[in-house]
Amino acid sequence: MKIAITGKGGVGKTFISSTLMRLFEKKGFKVIGVDCDPNPTLALSFGIEDNIIPLSKRHDIIEEKTGAKPGTYGSIFKLNPKVDDLIDKVGYKIGNITILVMGTIEEGGEGCVCPASVLLRRLLRHLIVKRDEVVILDMEAGIEHFGRKTIDSVDLMLIVIEPTKKSLITAKRMKKLANDLGIKNIKVIVNKVRNEDKELLKNIVEKELGLKILGFVPYDEKVIESEFLGKPINLDSKSTKEIEKIFNRILELKKNI
């Protein structure tokens, strides 16, 4: 199963991504978690504090795979590089979970067709289309990734929102772009919610946006504490218990995909 988790910045995508990864592993699945954010923090959710270098900054690997050095212009490079060995080569392994830190293309002058972007896209397509593991994509904030058609073949897209107008507006835009790409299964997770907000949010999301809410995750001080300490949150906290209910609903969806 391939799941893309997206939403406005700060809504809790990485927390939900990492918790779902741990729940899939606990259930016996092999999991690949992909950090697509330019400010990668997914590995930190598992207590990994090494000097993490995103693949987009691994100029040695980019040159090895594409035949061109990043930052050079007018070079001929491979548009279909071999990527199936990169998971073991650059991944951070924790039990049956492997974390890939992708990064993004930031250098001025680099267009959408350059050695680094070709390699990143090729690897993402390989992960989504070719791999048998559960793949969870912790997407960058906002909607820019939709323009690159990197997630059009995922089995499920989860839009994480919080109880704010900006978050709802972003979710509406994401729904339209996902529909344009032909993504059929789109669900919403509401994070940092209070009980009194649930009915209002349900009406807005399900009636006005036409999206189904897969679950509500309550505001939880334990999440803030775990992020400050750089340690995985206990799966018995009130927020992770709600995510486990969402996880079980995802398993039910999986049967029909």
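Everything here concerns the structure above.
These remarks concern the structure in this document. (Residues numbered from 1 in each chain as written. Predicted model: local features only at pLDDT ≥ 70, side-chain atom pairs only at ≥ 80, totals over all residues. Heavy atoms only, no water.)

Some remarks on the pairing of strand β7 (residues 186–193)
1) Next: For β7, the tally of buried residues reaches seven of eight residues, placing the bulk of the element in the interior.
2) Next: Traced from strand β6 (residues 156–161) through helix α5 (residues 165–181) to β7, the parallel crossover comes out right-handed.
3) Next: Regarding topology, helix α6 (residues 198–208) serves as the crossover connection from β7 to the parallel strand β8 (residues 212–218), and that connection is right-handed. (Buried < 20%, exposed > 50% of the residue type's maximum accessible area, 1.4 Å probe, protein only. Helix = DSSP H or I, 4+ residues; strand = E, 2+ residues; numbered from the N terminus. Right-handed = clockwise from strand over helix to strand, strands pointing away.)

A short note on the sheet that holds strand β4 (residues 97–101)
Hydrogen bonding along the main chain pairs the strands of a sheet, whether they run parallel or antiparallel.
1) Next: Spatially, the eight strands line up as an open sheet ordered β3-β4-β2-β5-β1-β6-β7-β8, and their pairing is mixed. In this open sheet, the two edge strands, each paired with only one partner strand, are β3 (92–94) and β8. Put simply, the sheet's adjacent strands are angled 20° from each other on average, direction ignored.
2) Next: Pairing of strand β2 (residues 31–35) with strand β5 (residues 134–138), which is carried by five bridges, proceeds in the parallel orientation. Note on β5: the bridge partner recorded for Gly33 is Ile136. (Pairing = 2+ DSSP bridges. Axes fitted to C-alpha atoms, helices over the stretch in contact; angles between N-to-C directions.)

Concerning the nonpolar core
1) Next: Counting residues in hydrophobic clusters, the biggest one holds 46 residues, and the most contacted among them are Val34, Leu137, Ile151, Met157 and Ile159.
2) Next: Ranked by the residues each element gives to this core, the list is headed by helix α4 (residues 115–129), at seven residues.
3) Next: Among the nonpolar cores identified, the runner-up in size contains 35 residues, and Ile5, Ile16, Phe24 and Ile189 belong to it. (Core = buried A, V, L, I, M, F, W, Y, C linked by side-chain atoms within 4.5 Å.)

Describing the side chain of Lys2
1) Next: Topologically, Lys2 is positioned in strand β1 (residues 2–7).
2) Next: Of the side chains with opposite charge, Asp155 comes closest to the buried, unpaired Lys2, at an N-O distance of 5.1 Å.
3) Next: If we ignore the near neighbours within four places in the chain, the residues touching Lys2 are Leu127, Ile128, Arg131, Glu133, Val135, Val154, Asp155 and Leu156. (Lys, Arg positive; Asp, Glu negative; His and termini not counted. Salt bridge = Lys/Arg side-chain N within 4 Å of Asp/Glu carboxyl O. Contact = heavy atoms within 4.5 Å.)

What to know about unusual backbone geometry
Apart from glycine, the bulk of residues carry a negative phi angle, and the bulk of peptide bonds sit in the trans form.
1) Next: In this structure, Lys192 is a non-glycine residue whose phi angle is positive, near 60°.
2) Next: By secondary structure assignment, the location of Lys192 is in strand β7.
3) Next: Under the relative-accessibility criterion, Lys192 is labelled partly exposed at 31%.

Considering the pairing of β1
1) Next: The element β1 is largely enclosed, with a buried count of six among its six residues.
2) Next: In β1, alternate side chains face the same way, and those of Lys2, Ala4 and Thr6 on one face and Ile3, Ile5 and Gly7 on the other are all buried.
3) Next: Examined bridge by bridge, β1 and β5 share four bridges and lie parallel to one another. Among the inter-strand pairings, Ile5 is bridged to a residue of β5, identified as Asp138.
4) Next: Bridging between β1 and β6 involves five bridges; their strand directions are parallel. Bridging across to β6, Gly7 finds its partner in Val160.

Here's the deal with the packing of aromatic side chains
1) Next: Counted by the stated rule, this structure contains two aromatic pairs.
2) Next: Look at Phe24 and Phe29: their rings are 5.4 Å apart centre to centre, the planes differ by 85°, and that puts the pair in the edge-to-face class.
3) Next: Assessed through its relative accessible area of 25%, Phe29 is described here as partly exposed.
4) Next: Ring geometry for Phe24 against Phe247: centres 4.8 Å apart, planes inclined by 90°, an arrangement best described as edge-to-face. Taken as a pair, Phe24 in helix α1 (residues 13–26) and Phe247 in helix α8 (residues 238–254) lie far apart in primary sequence, 223 residues in all.
5) Next: Of the aromatic side chains, those joined through ring pairs into one cluster are Phe24, Phe29 and Phe247. (Phe/Tyr/Trp six-rings, centres within 6.5 Å; stacked < 30°, edge-to-face > 60°.)

Overview of the pattern of salt bridges
1) Next: Counted under the stated rule, the structure contains 13 salt bridges.
2) Next: Across the pair Asp60 and Arg58 runs a salt bridge, and its minimum N-O distance is 3.2 Å.
3) Next: Looking at Asp60, the relative accessible area reads 44%, which means it is partly exposed.
4) Next: Of the residues examined, Arg58 reaches a relative accessible area of 26% and is grouped as partly exposed.
5) Next: Put simply, Glu225 and Lys222 hold a salt bridge, and the shortest N to O gap is 3.9 Å. Of the two residues, Glu225 and Lys222 are both situated in helix α7 (residues 221–229); the distance of three residues between them amounts to about one turn of the helix.
6) Next: Three or more residues are tied together by salt bridges with common partners; here these are Lys8, Glu162 and Lys192.

Honestly, it's all geometry; don't read function into it.
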